[in-house]
Amino acid sequence: MALMKDEVDIVIPTIRTLDFLESWRPFFQPYHLIIVQDGDPSKTIKVPEGFDYDLYNRDDINRILGPKASCISYKESACRCFGFLISKKKYIYTIDDDCFVAKDPSGKEIDAVEQHIQNLITPSTPFFFNTLYDPYREGADFVRGYPFSMRSGVPTAVSHGLWLNIPDYDAPTQLVKPRERSTRYVDAVITIPKGTLYPMCGMNLAFDRELIGAAMYFGLLGDGQPFKRYDDMLAGWLSKVVCDHLGLGVKTGLPYIWHSKASDPFVNLKKEFNGLFWQEELIPFFQSVVLPKECTTAQQCYLELAKLVKENLASIDPYFIRLADAMVTWIEAWDEFNPPKPAA
């Protein structure tokens, strides 16, 4: 039985035929897929039969969003956030098309969607660390000395999964360790503490759209931009700042997927070149950001962050002015497609 099948959309960015879905058939077939085709819209993407899906290419994005389509990246996996924008479901699971079903140490295939949903529907503990990790899992609990006043936890907004086989390394690390493979299966889910940023990878990621969807913008990157391969990192830094401010939780750990192929480290180095320098300034900036208490929604927080990005990061490169403007456009598009629900 698929967990919450009517409340989950699976979003997949791609430039190729989606044969990888065959391995996911038993797990993905009950769910609705949103496929965002990047690159040349005249190319036909084949989807295996038997899946419930909608496919959108660049022409569709331009038609649906009009002038606001300028905020959706081109030739970058950040195009996936178009799927986040138009979904009507509570939860999003997003996965890359080179990721396959992994097996746990007993040889059992891992249902990544089910584990992500389990992470999202149980609370997080960002304010006080539990040394037995996730206290809400079977066979675990809060340890001695954990404050009773904090044991109810907070709502979980983001579930960040991991990968076996090809690790998510940057180009310099890829070049130094070309044969390294991720073989350690760590059976743990951890809440990332408040005030701690992390490198969020978009290839095995789930989140609660209603809580944090507006802050899950993967930025203006890719074609024509000086910032590439940092779309998920940027979304991770920004969404974590918003989660911390709003008192929401972010978990990392299970589930694992099998990441099948390493991208070319030399191509990656060209793409990442600016980001490798800029991250050393961007991360301290995001670590130091304090949002005003008047910001009580993800949208308000994000607009405030757009203003701070423009004010504080434009000195690094004029690109950050364009990014800040795109962040505002994204929120305008989000509000258009996700109007506030009337009060009960």
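Going along each chain's sequence as written, the residues are numbered from 1 onward. Whole-chain, interface and lining totals are the exception, using all residues; otherwise, since this is a predicted model, local features are given only for residues with pLDDT of at least 70 and side-chain atom pairs are given and counted only at 80 or more. With hydrogens and water stripped out, all remaining heavy atoms of the structure feed into the side-chain values.

Visitor: Just checking my understanding: could you explain the nonpolar core for this structure?
Guide: In globular proteins that are soluble, nonpolar side chains generally tend to be buried together. Nonpolar cores are built from buried Ala, Val, Leu, Ile, Met, Phe, Trp, Tyr and Cys residues. Side-chain atoms within 4.5 Å join them into one set. The classification of residues rests on relative accessible area computed with a 1.4 Å probe and restricted to protein chains. Under 20% of the type maximum is buried, over 50% is exposed, and intermediate values are partly exposed. Membership of the largest hydrophobic core comes to 73 residues, with the highest contact counts inside it found for Val158, Phe286 and Trp330. In contact with Trp330, other than residues within four places in its own chain, are Cys71, Ile72, Cys81, Leu85, Gly213, Ala214, Met216, Tyr217 and Tyr302. In terms of nonpolar packing, the next biggest core, distinct from the first, is built from 30 residues, Phe28, Tyr31, Tyr93 and Met203 among them. We call two residues contacting when some pair of their heavy atoms lies within 4.5 Å.

Visitor: Just to check I follow, could you spell out a nonpolar patch on the surface for this structure?
Guide: Surface patches are defined over residues having more than 30% relative accessible area and no salt bridge, joining like charges when they lie within 9 Å and nonpolar side chains (Val, Leu, Ile, Met, Phe, Trp, Tyr) when within 5 Å. Computed by Shrake-Rupley with a 1.4 Å probe, the accessible areas treat only the displayed protein chains as cover when residues are assessed. The salt bridge criterion pairs a side-chain nitrogen of Lys or Arg with a carboxyl oxygen of Asp or Glu, the two atoms within 4 Å. On the surface, Phe127, Phe128 and Met150 cluster together into a nonpolar patch covering about 260 Å² of accessible area. Think of it this way: any DSSP run of H or I at least four residues long counts as a helix, any run of E at least two long counts as a strand, and we number them from the N terminus. Inspection of the secondary structure assignment puts Met150 in the loop between helix H4 (112–121) and strand S6 (156–165). The partly exposed category is assigned to Met150, whose relative accessible area is 32%.

Visitor: In this structure, what is going on with the packing of aromatic side chains? I would like to understand it.
Guide: How two aromatic rings sit relative to each other is set out by the distance from centre to centre and by the angle between their planes. Note on aromatic pairs: the rings of Phe, Tyr and Trp (six-membered ring only in Trp) are paired at centre separations within 6.5 Å, and the planes decide the class, stacked below 30 degrees, edge-to-face beyond 60, tilted for the rest. With the rule as written, the count across this model stands at 26 aromatic pairs. Between Phe142 and Tyr146 the ring centres are 4.6 Å apart and the planes differ by 45°, which places this aromatic pair in the tilted class. Summarising the burial analysis for this pair, Phe142 and Tyr146 share the class buried. Site record: aromatic cluster; members linked through ring pairs are Phe227, Tyr230, Trp237, Trp278, Phe285, Phe286, Tyr319 and Phe320. To sit over a ring, a charge needs its Lys NZ or Arg CZ within 6 Å of the ring centre and within 35 degrees of the ring normal. Of note, Arg151 hangs over the ring of Phe148, and the distance from its end group to the ring centre comes to 3.8 Å.

Visitor: I would appreciate a short explanation of unusual backbone geometry in the present structure.
Guide: A negative phi angle is the norm for most residues apart from glycine, just as the trans form is the norm for most peptide bonds. Backbone torsion omega between Leu254 and Pro255 reads 5°, so that peptide bond is classified as cis. In the Ramachandran plot, Arg229 falls in the positive-phi region, its phi being about 60° despite a non-glycine side chain. Examined against the element boundaries, Arg229 turns out to sit in the loop between helix H6 (209–212) and helix H7 (231–246). Judged by relative accessible area, Arg229 falls into the partly exposed class, the value being 24%.

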